[in-house]
Amino acid sequence: MTLVRRAGPEDAAEVLRLRQVMIDSMARADRSTDWHAESLPALRARLGEPEGDFAAFVVDHPERPGALAALVAGTLDYRIGRAGDPLGTVGYVFSVATDPDARRRGYARACMDTLLGWFRERGAGRVQLTTSAEGAPLYASLGFRPKPDPLLELWL
């Protein structure tokens, strides 16, 4: 049985480590870790807000005490409602990572199931994410479907 738990402030460094594992797996990723020191206090504070719009769920590494095996993190966002989604609460999954030596054990799926439950409890009518080719089968098995809408982004 996989024990998924909500990450707390004490997990912040390990959450950043696993986020970097995910970033490093992406094509053309900036593998720099210089940003970790600046990001750590804000992450620690957000992990300490159990009623906020951000949550991270983790599995402890079974062979390495103090380390995490898997991470899933997401946020809730409000959008003005529309047909089929009158409340406008949207979940967004932005970080899914499993330690390379802990893969293929169902940890990411268990964390995703927990995060999806958290989204449902808070009234999210839909959940969005972006995926790599490697992650796509997991998300498809959970019911995610590709959207035809192209994503545009502007950095400020």
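Model, not experiment: these values are computed from the prediction. (Residues numbered from 1 in each chain as written. Predicted model: local features only at pLDDT ≥ 70, side-chain atom pairs only at ≥ 80, totals over all residues. Heavy atoms only, no water.)

> Looking at this structure, how should I read the packing of aromatic side chains?
In this description, a pair of aromatic rings is defined by centroid distance and the angle of the planes. Throughout the structure, instances matching the rule amount to 3 aromatic pairs. Centre to centre, the rings of Phe54 and Phe94 are 6.1 Å apart; their planes meet at 25°, and the pair counts as stacked. Of this pair, Phe54 sits in strand S2 (residues 54-60) while Phe94 sits in strand S4 (residues 89-98), placing them 40 residues apart in sequence. Aromatic side chains Trp118 and Phe119 sit 5.6 Å apart centroid to centroid with 55° between the ring planes, which places their arrangement in the tilted category. Classification of Trp118 by relative accessible area gives buried; the value is 4%. Classification of Phe119 by relative accessible area gives buried; the value is 1%. (Phe/Tyr/Trp six-rings, centres within 6.5 Å; stacked < 30°, edge-to-face > 60°. Helix = DSSP H or I, 4+ residues; strand = E, 2+ residues; numbered from the N terminus. Buried < 20%, exposed > 50% of the residue type's maximum accessible area, 1.4 Å probe, protein only.)

> When you look at the sheet that holds S2 in this model, what are you seeing that I'm missing?
Strand-to-strand pairing in sheets goes through backbone hydrogen bonds, with the strands running parallel or antiparallel. Pairing within the open sheet is mixed, and its 5 strands lie in the order S1-S2-S3-S4-S5. Strand pairing shows two members of the sheet lacking a second neighbour, strand S1 (4-6) and strand S5 (126-129), which therefore form its edges. Each strand axis lies, on average, 25° off the axis of its neighbour in the sheet, ignoring direction. Sheet topology places strand S3 (residues 68-78) next to S4; 9 bridges connect them, and they run antiparallel. Within S4, the residue paired with Ala73 across the bridge is Ser95. Those strands touched by helix H3 (residues 107-121) are S1, S2, S3, S4 and S5, and its axis lies near 25° from that of S3. (Pairing = 2+ DSSP bridges. Axes fitted to C-alpha atoms, helices over the stretch in contact; angles between N-to-C directions. Contact = heavy atoms within 4.5 Å.)

> Help me understand the pairing of S5 in this model?
Along any regular strand the residues' side chains alternate between the sheet's two faces. Alignment of S4 against S5, held across 4 bridges, turns out to be parallel. By the bridge assignment, Gly91 is partnered in S5 with Val127. In this region the chain leaves S4, passes through H3 and returns to the parallel neighbour S5; the handedness of that crossover is right-handed. (Right-handed = clockwise from strand over helix to strand, strands pointing away.)

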